[in-house]
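Chain by chain, the residues:
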Amino acid sequence: MEPFAWRPARTVAEVAEATHTAAAAMLTLQPRPSEGEAVVVKAGGVDLLDLMKEGLLLPRTLLDISLLEELKGISALEDGTLRIGALTTLGEIAASPLIRRRYAALAEAAGSAASPQIRNRATLGGNLLQRPRCWYLRSSAHHCLRKGGGHCFAFSGDHRYHAVLANHGCAIVHPSSLATPLLAFRAELEILSSGGRSHRLPLEDFFVLPEADLHRENILKSGELLAAVHLPPQASSRHSSYLEVSERAAFDWPLAAAAVNLQMDTEGRCQYARVALGAVAPIPWRAVQTEVLLEGEILDAGRVASAAKAGLQGATPLPHNTYKLPLAVALIRRAVLAAAQLADEEGGAH
Amino acid sequence: MAGLDEDRKNRERADGDSPHSHEMVSIVLHVNGQAHPLPVEPRMTLAEVLRGPLGLKGTKVACDRGACSACTVWLENEVVASCSILAVEVGDRPVTTIEGLTGDRSLHPVQEAFIAHDAVQCGFCTPGLVMSCARLLADNPHPDETDIRTAISGHLCRCGTYPHVLRAILALGKTEGSQHE
């Protein structure tokens, strides 16, 4: 790693007042930014240290927020909203009885990410803000489009793990596996900016497609701090499910993932459906067509299968990742059946 | 790609002259029950400080990216990848390495079980695996197979000792009234 100065933050106010650069906008092989322009906030540091070791991120100073208690922990607010501090670790989220009971899909996603060692350090905020895993992006030898170069190596190269939806110009998939269930739960982000101001933003509006901006995955600005995630109250009649498939059974990013949040009435009619996909698009992807085909309908295996298929409408797979389409469709189908508490008649073979 | 490599080398040379490049920070690292005051560069990982200045070479570094868990140590009562933590951020939280597992020269029950079940081949991943298994048993004295698989899921063993590790820890977990701490 290149040398840098380390500054532990003692208060949230101090971070809010500090000038710092959003790591979102910094991934580059351009000359190192000048002094004062390159203060980067560090939480768990898992992804950040990876990028720094690879020479892709060259901060002058790390502003370490990892000890700020105000940004940790899970609390139920008066209106039933669940607030999860941005520094809460994936391990804490996976083990939280409250999250396991009410927001099972989120606990499931947190518990299946990375390894126990990483889950003890990786934070919710860092999981949402981590940079994509595209191997060309992660390689200092490839001056790709997202790093300010002139060529996307994925289209002509090995793109087996890349996006099948909205993959124009750059085919990264968003790497956050927690964003998938958070999207299904209509989560909101609490963002602090200088002067101690804070605002809330739907998670759905946070991420950026390559066609809008090739160089960043989200709209977090320099000087802003992701402080917490808010989950709207979840009625006990709503059930969620998260499923993912990866090549390795342990410590691997998913090839595809699906999160579903459903409300069924006593007649087996779906009153509410929210379906999100991971690892198929440059942003966490909402399967709106699936939701439309589920809501208001009596769910049976046939209805769920056709709704699942509709979730991949408009896909533009690349030659080596067409396998992701049937994979994602199967995950949606199974996750919907699980959340609706219906038997999976096709069994585990599909 | 040669041009890019050249660019990076030039940049590194230029950075070498920066007055802030090698700023040292004085820290006190609490490892295996002992306080170690020492100066470190902010960019040094916990694994580098353990293996370098502190001479605790039992902690291995293989991938240096948090992806193989060879460098597993305990930070307080949690397993962590010491290659993915900066030494400066540890603060006064106690660190336990393979050298401090028993506090003396005796073997920990997990180490005994690894020997009894032949759970070691080349041995490079073994200290990390032992730290994960010892932590599991400290938290859950009678783990089932799923618990063990989860606990060691981050570890890469290219010799493929996994089934032996599983058997060793299952056997140890079945020992009545065993105390593993």
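The next subject is the nonpolar core. In this structure, Leu 106, Leu 128, Leu 178, Leu 182 and Leu 231 of chain A are the most contacted members of the largest nonpolar core, which totals 44 residues. Among the elements of the structure, β5 (82-85), α3 (90-95), α5 (104-112), α7 (124-129), α9 (179-184), β6 (188-193), β8 (225-231) and β10 (256-264) of chain A are those that each provide at least two residues to this core. Per element, the largest residue contribution to this core is five residues, and it comes from α5 of chain A. Excluding its chain neighbours within four sequence positions, the residues that come into contact with Leu 128 of chain A are His 174, Ser 176, Ala 179, Leu 182, Leu 189, Leu 203, Phe 207, Leu 226 and Val 229 of chain A. Grouped together as the second largest cluster of nonpolar side chains are 31 residues, Val 40, Val 49, Leu 54 and Leu 75 of chain B included.

Moving on, we come to the sheet that holds strand β2 (residues 39-42) of chain A. Residue and element names in this part refer to chain A. Ordered by their spatial adjacency, three strands build an open sheet running β1-β3-β2, and the pairing between neighbours is parallel. Of all strands in the sheet, those bounded by a partner on one side alone are β1 (5-8) and β2. Pairs of neighbouring strands in the sheet enclose a mean axial angle of 25°, with direction left out of account. As paired elements, β1 and strand β3 (residues 61-64) share four bridges and run parallel to each other. Across the sheet, Arg 7 pairs through a bridge with Leu 63, a residue of β3.

What follows deals with α5 of chain A. For α5 of chain A, the set of buried residues is Ala 105, Leu 106, Ala 107, Ala 109 and Ala 110 of chain A. In the segment just after α5 of chain A, Ala 114 of chain A is the residue with positive phi, at about 50°.

Before going further, it helps to spend a moment on the layout of surface pockets. In this structure, the second largest pocket occupies an estimated 690 Å³ of space. The set of elements that each furnish at least two residues to the lining of the second largest pocket consists of α3, α5 and α6 (116-119) of chain A together with β4 (78-81), α4 (126-139) and α5 (145-151) of chain B. Of all the elements, α5 of chain A adds the most residues to the lining of the second largest pocket, at five residues.

Another point: the domain arrangement of chain B. Residues and elements named next belong to chain B. As far as domains go, chain B holds domain 1 (23-98) and domain 2 (109-174). A separation of 22 Å is found between the C-alpha centroids of domain 1 and domain 2. Of the residues lining the interface, 16 residues belong to domain 1; the matching set on domain 2 comes to 13 residues. Across the domain 1/domain 2 interface, buried area totals approximately 1200 Å², and carbon plus sulfur atoms make up 66% of it. Area buried by domain 1 at its contact with domain 2 is led by Lys 60, Trp 74 and Ile 98, which between them contribute 41% of it. Linking domain 1 with domain 2 are zero salt bridges, by the criterion used here. Inspection of the domain 1/domain 2 interface yields five residue pairs in polar contact (both at pLDDT 80 or more).

Residues and elements named next belong to chain A. If you trace the five strands from one edge of the open sheet to the other, you get β4-β5-β8-β6-β7, paired in antiparallel fashion. Both outer strands of the open sheet, β4 (74-76) and β7 (197-202), are each paired with one neighbouring strand and no more. Across the sheet, the mean angle from the axis of one strand to that of its neighbour is 25°, orientation sign disregarded. One ladder, built from three bridges, connects β4 with β5; its direction is antiparallel. Each residue of the ladder has a partner; that of Ser 75, found in β5, is Arg 83.

On to the pairing of β2 of chain A, then. Residues and elements named next belong to chain A. As defined by bridge partners, β2 adjoins β3 across four bridges and the pair is classed as parallel. The partner of Val 41 across the bridge, within β3, is Leu 63. Read from β2 through helix α2 (residues 46-53) to β3, the crossover connection turns out right-handed.

This part covers the pairing of β10 of chain A. Residue and element names in this part refer to chain A. Along β10, nine of the nine residues are buried, which leaves the element largely enclosed by surrounding structure. Side chains of β10 alternate between two faces, with Ala 256, Ala 258, Val 260, Leu 262 and Met 264 and Ala 257, Ala 259, Asn 261 and Gln 263 buried alike. Pairing of strand β9 (residues 238-245) with β10 involves eight bridges; the strand directions are antiparallel. When the bridges of β10 are listed, Tyr 242 appears paired with Ala 259.

Turning to empty space enclosed by the protein, a few remarks are in order. Residues and elements named next belong to chain A. The full count for this structure, using the stated rule, is four cavities of 30 Å³ or more. Taken as a whole, the largest cavity encloses approximately 90 Å³ of empty space. For the largest cavity, the lining is made up of 13 residues, of which Cys 134, Cys 144, Cys 152, Cys 170 and Ile 172 are closest to its centre. Taken together, the residues that form the lining of the largest cavity break down as eleven nonpolar, one polar and one charged.

As a further point, take the interface of chain A and chain B. At the junction of the two partners, chain A supplies 37 residues and chain B supplies 40 residues. Here chain A and chain B share an interface that buries about 3200 Å² over both sides, 54% of which is from carbon and sulfur atoms. Of all residues in chain A, Lys 53, Gln 117 and Arg 121 of chain A give up the largest surface area on contact with chain B, accounting jointly for 20% of the area buried on that side. Between the two partners, chain A and chain B, sit four salt bridges. Here Glu 54 of chain A makes a salt bridge to Arg 65 of chain B, at a shortest N to O gap of 3.6 Å. Where chain A touches chain B, the interface holds nine residue pairs in polar contact (both at pLDDT 80 or more). Where the side of chain A that touches chain B is concerned, the elements lending two or more residues are β1, α2, β3 and α6 of chain A.

Turning our eyes to something else, we now look at a negative patch on the surface. A cluster of acidic residues, Glu 92 of chain A together with Glu 76, Glu 78 and Asp 92 of chain B, forms a negative patch at the surface. If you trace the backbone, Glu 78 of chain B turns up in strand β4. Glu 78 of chain B sits in the partly exposed class, given a relative accessible area of 37%.

Basis of the calculations
Residues numbered from 1 in each chain as written. Chains lettered and ligands numbered in written order. Predicted model: local features only at pLDDT ≥ 70, side-chain atom pairs only at ≥ 80, totals over all residues. Heavy atoms only, no water. Core = buried A, V, L, I, M, F, W, Y, C linked by side-chain atoms within 4.5 Å. Buried < 20%, exposed > 50% of the residue type's maximum accessible area, 1.4 Å probe, protein only. Helix = DSSP H or I, 4+ residues; strand = E, 2+ residues; numbered from the N terminus. Contact = heavy atoms within 4.5 Å. Pairing = 2+ DSSP bridges. Axes fitted to C-alpha atoms, helices over the stretch in contact; angles between N-to-C directions. 1 Å grid on protein atoms, 1.4 Å probe; cavity = no way out; pocket = protein on both sides within 12 Å on 5 of 7 lines; lining within 4 Å. Points joined across faces, edges and corners; volume = space filled by probe spheres on them. Domains from an automatic or database assignment. Buried area = accessible area lost by both parts, 1.4 Å probe. Salt bridge = Lys/Arg side-chain N within 4 Å of Asp/Glu carboxyl O. Polar contact = N/O pair within 3.5 Å; in protein donor to acceptor, adjacent residues only side chain to side chain. Right-handed = clockwise from strand over helix to strand, strands pointing away. Nonpolar A, V, L, I, M, F, W, Y, C, P; charged D, E, K, R; others polar. Patch = residues over 30% accessible without salt bridge, like charges linked within 9 Å, V, L, I, M, F, W, Y side chains within 5 Å. Areas by Shrake-Rupley, 256 points an atom, 1.4 Å probe, with all protein chains shown as cover. Lys, Arg positive; Asp, Glu negative; His and termini not counted. Charge placed at Lys NZ, Arg CZ, Asp CG, Glu CD.

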